[in-house]
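# A closer look at the structure
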2 protein chains.
Amino acid sequence: MADNGISRRRLLGTAGATGLALGAAGGAAGYAAAPSEASSSDRAASLTSLGADEVMFHGKHQPGITTPVQSRGHLVAFDLAAGAGRKEAAALLRRWSATAERLMAGKSVAGEDTDVARDAGPSSLTVTFGFGHSFFGRTGLEKQRPSALDPLPDFSSDHLDKARSDGDLWVQIGANDPLVAFHALRALQKEAGDAARVRWQMNGFNRSPGATSHPMTTRNLMGQIDGTNNPKPSEDDFDQRIYVPATGATRDPSWMAGGSYVVVRRIRMLLDDWEKLGLGDQEAVIGRHKSDGSPLTGGTETTEPKLEKAGKDGKYVIALNAHARITRPDQNGGSAMLRRPFSYHDGFDKGGEPDAGLLFVCWQADPLRGFVPVQRKLDRGDALSEFIRHEASGLFAVPGGAAKGEYVGQRLLEA
Amino acid sequence: MADNGISRRRLLGTAGATGLALGAAGGAAGYAAAPSEASSSDRAASLTSLGADEVMFHGKHQPGITTPVQSRGHLVAFDLAAGAGRKEAAALLRRWSATAERLMAGKSVAGEDTDVARDAGPSSLTVTFGFGHSFFGRTGLEKQRPSALDPLPDFSSDHLDKARSDGDLWVQIGANDPLVAFHALRALQKEAGDAARVRWQMNGFNRSPGATSHPMTTRNLMGQIDGTNNPKPSEDDFDQRIYVPATGATRDPSWMAGGSYVVVRRIRMLLDDWEKLGLGDQEAVIGRHKSDGSPLTGGTETTEPKLEKAGKDGKYVIALNAHARITRPDQNGGSAMLRRPFSYHDGFDKGGEPDAGLLFVCWQADPLRGFVPVQRKLDRGDALSEFIRHEASGLFAVPGGAAKGEYVGQRLLEA
Ligand code: HEM
Ligand code: HEM
């Protein structure tokens, strides 16, 4: 490949100096529009910011946790191949980390590149790696297995497909361009080589940057603004809630310093039932207005809900089983998580209902102080429960970010 | 719904006067980023151009044919329900046209809206309607059936899944935002009501506007720049090649004036085999360079290939079975088509190969002077054939665009 080792972004950035600027909307470009008569070197012109946006691979934490959610996402779990152990896993994570770093910087892969992402900038690509419970047995690393990876409890409403649950290794890919995301997925799959095989894979999406001027860019497929009351990186207790501490007496092994635990649930939305509800009933289920995400007790999206406020009928304005009431940290002994989902839609089932919902991805320092207690409560009777169905589940230990020269998981695999 | 009948775009446009401008990349927005403290009315601020871009519903031709290809696409076929005939079909096309017009203008649906597209602009949404061969029998309109809808011939390399082929009605949805596209798909599906049911549905994608500054915005999943030598609307013979003439002695029924015939093929790419080829062999298969789409005989993407040029070995530089040689109009008695595909990727099959390829969508005034002769030739021995597999097929008559006050297909259904 001609451009091995050369940053697509850098190339394009340089050529941008020729001054040929194209609008972000690309309205004049693409299929069924006439190609420009400019020479091909002129054409590799300035890159608009969607493509040029780059997320750092190295750092204290892995990318893809606090990164603004991208418009395209792939979740994929791998199982180590028979015969592959710690050594092969270490080599794989080394290869994967090198490739993730290259691709996130807008470069091609080190070997033969498929060219699928060629011409495009990194487009906010992130790649995030995690280890599942079964990984530690297969690699003889049981002693390093965090107790936080103990299997999630069964929930009474679970309808889990085992074939699409769990896995030795988990990779999350997000990008604001679907070809950049597919390119990364395919590159990482091929690098798995003989060491690991795809166990399950899911595709998701969120609103495209620029489609709305609303700062909370996305809604879910029930139509709600979703993500409002997430913990914010600017908050004092954010790190403590989301990341495993670097030092001190935690029950986590030291290789998890700066890491986080991710719970992944494929949650089907029963849209036929949901859409039969009137607007008022839909809003009662959540406890927030659909239009702007404001609490039913008034204000704007960021106003604190008045949980004690009663209506003229003497009932709470925000019902006792409203989703946005019972999931709150202050209703769960402080349990909090950072939700960072993608929507999914995989066609229609035989009854004509879309196979669609949320690839629910949530991050926490400890699943027992995040997802588990909250889901236990939702399972007992959240107003939303009758409109959703959990169809797949995974729990993974996501180590801290790799320092320069290091690969993700090195502190585990070379301890 | 509070905003029934109010254009989201207009709302946002007005509020934009408050001057709060947000970058097209939306880098600061979204999940896992702090929501702004601005009030919700301030937040509905200026809309960046990706969201604001609007395609006209009314016109001589339907939208979604020469519209630059969008980053998200849905193809869906419906069958009329048992008992539904011409009357029900006419009512359905009337409902669908009204909704397509509203949504393409950035408005909500006339009834209860799901809110999934709320806050977003129309994002270049297009909705295109077509009629399949079976539609005419079911509605007693056999006499109006164009002979151009006669079933496509069998091709020796076909591996067609009947359940994902054909259909009474076909709808193509494209938008630069996945939630806007899903919203439209769901709205149209619900409006089918008791009259029609989803027969098959496919999801596709292309490069996001702004991810590249290359004017041909997209590559396919084999990594090639694809779409280069498409007929251009600026060319003299474009209309004649792509659209059914408005008047004169054609074999088409008069209701097809201004219409076009679309051939839809789900073409699986055998990526494991393809990616084993070296770059030179891949380029020989097409006859163009992968990097910039230029012909193997030199120049830039838009340079005419020198079909007669031979190399030092005495062989043609562009091989006799090169895809971009044998598909050319001048090698097919003038047969031409406008290709406007989406890529697809629906996970991995059991062998670990991505179920991915091209939702090949091509437009022509007459399938017998477009797709059929070219595909017949490809079927006999195009260098690309061993790397692809046609898995589903459809052929639909897409009538001309609706005039104001008219619905798509009215000239057929109320003749
Ligand atoms: C398809 C399934 C779900 C949907 C559609 C959904 C939707 C929502 C919506 C609309 C909100 C209010 C806006 C916001 O603060 O983001 C919300 C809040 C929340 N949800 Fe969910 N949710 C789903 C599943 C879950 C699950 C499985 C959990 C965890 C077990 C969860 C935990 C939370 C939390 C912690 C909050 C924030 C509460 C607060 O602090 O105010 N959600 N959800
Ligand atoms: C997955 C399947 C296919 C792939 C990957 C593919 C790829 C390409 C590429 C890379 C080009 C050269 C660039 C361009 O002019 O767009 C091309 C040209 C073309 N292809 Fe395909 N193609 C596929 C299937 C088909 C089929 C099924 C047909 C029609 C039966 C077709 C008809 C054409 C035509 C008419 C041209 C333009 C030739 C010219 O006028 O120069 N292609 N294709």
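Each remark here, short or long, concerns the structure printed above.
Described below are features of the structure shown in this document. (Residues numbered from 1 in each chain as written. Chains lettered and ligands numbered in written order. Predicted model: local features only at pLDDT ≥ 70, side-chain atom pairs only at ≥ 80, totals over all residues. Heavy atoms only, no water.)

### Let's talk about the site of ligand 1
Residues and elements named next belong to chain A. The immediate surroundings of ligand 1 are formed by 28 residues, with Gly227, Thr228, Asn229, His323 and Arg339 found nearest. Note that an oxygen atom of ligand 1 is positioned 2.6 Å from one of the backbone N or O atoms of Gly227. Backbone polar atom of Thr228 to an oxygen atom of ligand 1: 3.0 Å apart, as the coordinates give it. Elements with a minimum of two residues in the shell around ligand 1: strand E5 (260–269), helix H10 (323–326), strand E8 (354–364), helix H11 (371–381) and strand E9 (388–398). Per-element tally for the shell around ligand 1: the top contributor is H11, with 4 residues. Classifying every residue of the shell around ligand 1 gives 15 nonpolar, 9 polar and 4 charged. (Near = heavy atom within 4 Å. Polar contact = N/O pair within 3.5 Å; in protein donor to acceptor, adjacent residues only side chain to side chain. Helix = DSSP H or I, 4+ residues; strand = E, 2+ residues; numbered from the N terminus. Nonpolar A, V, L, I, M, F, W, Y, C, P; charged D, E, K, R; others polar.)

### As for the coordination of the iron atom of ligand 1
What the protein offers the iron atom of ligand 1 as a donor is a single atom, His323 of chain A (NE2), at 2.0 Å. One can find His323 of chain A in helix H10. (Donors = N, O, S within 2.8 Å, 3.2 Å for Na, K, Ca; no water.)

### Remarks on helix H6 (residues 178–192) of chain B
All names here are of chain B. Across its 15 residues, H6 extends 21 Å between first and last C-alpha, which sits within 8% of the 21 Å expected from 1.5 Å per residue. Within H6, 13 of the 15 residues are buried, which leaves the element mostly enclosed by the surrounding structure. Between the side-chain oxygen at the start of H6 and the backbone nitrogen of Leu179 there is a gap of 3.1 Å, and the oxygen is on Asp177. Two residues or fewer after H6 comes Gly193, characterised by a positive phi angle close to 50°. (Expected span 1.5 Å × (residues − 1). Buried < 20%, exposed > 50% of the residue type's maximum accessible area, 1.4 Å probe, protein only.)

### Overview of unusual backbone geometry
A positive phi angle is found at Asp119 of chain A, which is not glycine, with a value near 80°. Residue placement: Asp119 of chain A occurs in the loop between helix H4 (86–104) and strand E2 (126–132).

### Considering the packing of aromatic side chains
Residues and elements named next belong to chain B. On inspection of all chains with the given rule, the structure shows 26 aromatic pairs over all chains. Between Phe78 and Trp96, the aromatic rings sit 5.0 Å apart at their centres with planes inclined by 55°, giving tilted as the arrangement. On the criterion of sequence distance, the pair formed by Phe78 in strand E1 (residues 72–80) and Trp96 in helix H4 (residues 86–104) is long-range, its members being 18 residues apart. Under the relative-accessibility criterion, Trp96 is labelled buried at 1%. (Phe/Tyr/Trp six-rings, centres within 6.5 Å; stacked < 30°, edge-to-face > 60°.)

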